[in-house]
Amino acid sequence: MAGASVEPVLRDIALWTTSLVRQFPELAEELAPGRRGPAGSAPAPAAPDEQIREERREALLLQQRHGLAVPGHGAAPIRLHVSDAIRDITDGVVELEEAVCARLALPRPPRAGVIDRLRRIVGLLDAIASDPDLARHVRDEIRRMARRCARTLGDSETVVRVAGRCPWCDSVSLRAFPDRRAVLCVNPACVCTDGMCGCQDDPAYRHLWPEREWAELAAASGARTAEIEAAMDATDTPQNTDTTKNDTEETPC
């Protein structure tokens, strides 16, 4: 990758980091529901003592390990999917900073919170730019964590239409899923000839083309690789976004 072409990657790193720095602290506020409900609503049933003790242990662990205190936490139940997201993002940021420092032959970074670590990674962008593979890895990881954070806070996954026909079922059912950086065929009747693909015996599965297979998919479907790549960075627009909820699982075909 030439020096000039790494600039978009560095720009994306900065943008996704800004998003994650802004939204990550909001996860703590979402960790436990508010104590007050709408006017006239019935009070929530009291949680069993053991559940309360477990949730308090969870809140203390989150505060000790991740520097996040649950606002007003008492007997309110913890949202475990939010707790899982906090742990995943925290561990991911720690591992990413350590990997960056190791790749750049820098000393192991001292302990710090997620926000401080992210800012330190951004402070190394000039050095990261000299290693295109590292730059892409940093971009992909921060983008993944920022998108998980956004989804946990309530943002829905973007689904973008892709031109061309599915090579297996010949339908115009190809969709780009930017959060996964993958293209799927969303036709429930689509079945391929690969005996190892989950679509052979489970209608909930969908064909999936990861990034390394986009060129092959483009050649077979009539789409363009550049269009698929653009779809992965698309924003929600009426003409190209499919807002249909996707609740299926999928395996690579």
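As the structure is a computational prediction, the values presented were derived from the model and not from experiment. (Residues numbered from 1 in each chain as written. Predicted model: local features only at pLDDT ≥ 70, side-chain atom pairs only at ≥ 80, totals over all residues. Heavy atoms only, no water.)

## A look at the side chain of R143
Item 1. Mapped onto the fold, R143 is located in helix α6 (residues 132–152).
Item 2. A relative accessible area of 3% means that R143 is categorised as buried.
Item 3. A polar atom in the side chain of R143 sits 2.8 Å from the side chain of D140.
Item 4. Residues contacting R143, with those up to four places away along its chain left out, are W16, R181 and D233. (Helix = DSSP H or I, 4+ residues; strand = E, 2+ residues; numbered from the N terminus. Buried < 20%, exposed > 50% of the residue type's maximum accessible area, 1.4 Å probe, protein only. Polar contact = N/O pair within 3.5 Å; in protein donor to acceptor, adjacent residues only side chain to side chain. Contact = heavy atoms within 4.5 Å.)

## Notes on the confidence of the model for the protein chain
Item 1. Chain-level statistics for the protein chain give a pLDDT mean of 76 and a share of 66% at 70 or above.
Item 2. Every residue in residues 70–76 is under pLDDT 50, and counting partners more than four places away or in other chains gives 22 contacts. (pLDDT = per-residue confidence, 0-100.)

## Let's talk about the environment of S5
Item 1. Mapping S5 onto the fold places it in the segment before α1 (7–31).
Item 2. For S5, a relative accessible area of 34% puts it in the partly exposed group.

## Concerning the pairing of strand β2 (residues 174–177)
Item 1. Of the two faces of β2, the one carrying L174 and A176 and the one carrying R175 and F177 are both buried.
Item 2. Pairing geometry for strand β1 (residues 160–161) and β2, over 2 bridges, is antiparallel. Bridging from a neighbouring strand, V160 pairs with A176 of β2.
Item 3. Relative to strand β3 (residues 182–185), β2 is paired through 4 bridges, and the arrangement is antiparallel. Within the sheet, the bridge partner assigned to A176 lies in β3 and is V183.
Item 4. Counting the residues in the hairpin turn of β2 and β3 gives 4 residues, including R181, whose phi is positive at 50°. (Pairing = 2+ DSSP bridges.)

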